[in-house]
Amino acid sequence: MSHTILMFRSPARSSLLLTTPVLALLLSACQPGTDAAAPPASAASALAATAASTAAAADAPLMQGVFFWGPQVETFSPCNTNQTFWLDGEPEQLAPLEDMAIDKADKANEAYQPIYAEIRAVSAGQATDGYAVEYDGVLSLQQVVTLSPEVPSSCKLIEPPPPPSGLAASAED
């Protein structure tokens, strides 16, 4: 089953997300002759799926590290390691990370600004195509726990992640 996601962004970049089943539940309360207390079957199944997704996120390990975002880059480097992973996830999960990275990049007038993040993510293995193949693997984002534009001194990157080879080659030309 596919769900349409409607995303509204204000100038302050806050998001309001409505999935199709939730929207249907809200609209069913407005229909004459319907029992608003009894959600449609599709809304009930969507609520069950959301509960299962929340439980899966709680089971994912908590990771502390640095998020980088820019053209062709969406990576996470755990603190005090030399590893860098491509970060994959649903747009609504990635939005807070991207929004903070964009704000910081705008202020610095330069892309690829480090953002401190505590996330719950699981390994999705190694990528087989695209820019993600150049990293240590792919992490599937389950939940963003904490974000900060400032990286604490206790979170070091042993080796900062390089840009994808396609970007490095085009920068040299």
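Numbering of residues starts from 1 in every chain and runs along the sequence as written. Per-residue local features of the predicted model are confined to residues with pLDDT of at least 70, and side-chain atom pairs are confined, for both listing and counting, to 80 or more; whole-chain, interface and lining totals are unaffected and use all residues. Calculated side-chain values reflect all of the structure's heavy atoms, with hydrogen atoms and water omitted.

(A) A look at the sheet that holds strand β6 (residues 115-123). Pairs of strands are assigned from DSSP output, requiring at least two bridges between the strands. In DSSP terms, a helix is any run of H or I states spanning at least four residues, a strand is any run of E spanning at least two, and both are numbered starting from the N terminus. Reading around the barrel, the five strands line up as β3-β4-β5-β7-β6 and close back on themselves, with mixed pairing between neighbours. Each adjacent strand pair in this sheet contributes to an overall mean axis angle of 55 degrees, direction not counted. Helix α3 (residues 91-108) rests against β3 (62-70), β4 (73-78), β5 (85-88), β6 and β7 (138-148) of the sheet, and its axis sits at about 60 degrees to β7. Lines fitted to the C-alpha atoms define the axes, with helices restricted to the stretch that makes contact. Angles between their N-to-C directions range from 0 to 180 degrees. Working rule for contacts: check all heavy atoms of both residues, and any pair within 4.5 Å makes them a contact.

(B) Seen up close, the side chain of Q93. Inspection of the secondary structure assignment puts Q93 in helix α3. Within the structure, the side chain of Q93 is placed 3.4 Å from the backbone oxygen of L141, a separation counted as a polar contact. If near-sequence neighbours (up to four positions away) are discounted, Q93 is found in contact with L141, Q142, Q143 and V144. Under this definition, polar contacts are N or O atom pairs within 3.5 Å; protein pairs additionally need one hydrogen-donor-capable and one acceptor-capable atom, and for neighbouring residues in sequence, both atoms have to be side-chain atoms.

(C) View of the packing of aromatic side chains. The pairing test for Phe, Tyr and Trp rings, Trp by its six-membered ring, is centres within 6.5 Å, and the orientation test on the planes gives stacked under 30 degrees, edge-to-face over 60, and tilted for anything in between. Applying the stated criterion across every chain yields a total of one aromatic pair. Consider the rings of W86 and Y135, whose centres lie 6.0 Å apart with planes at 40 degrees: the pair is tilted. Taken as a pair, W86 in strand β5 and Y135 in the loop between β6 and β7 lie far apart in primary sequence, 49 residues in all.

It is worth stressing that arrangement in space is one thing and function is another; only the former is reported here.
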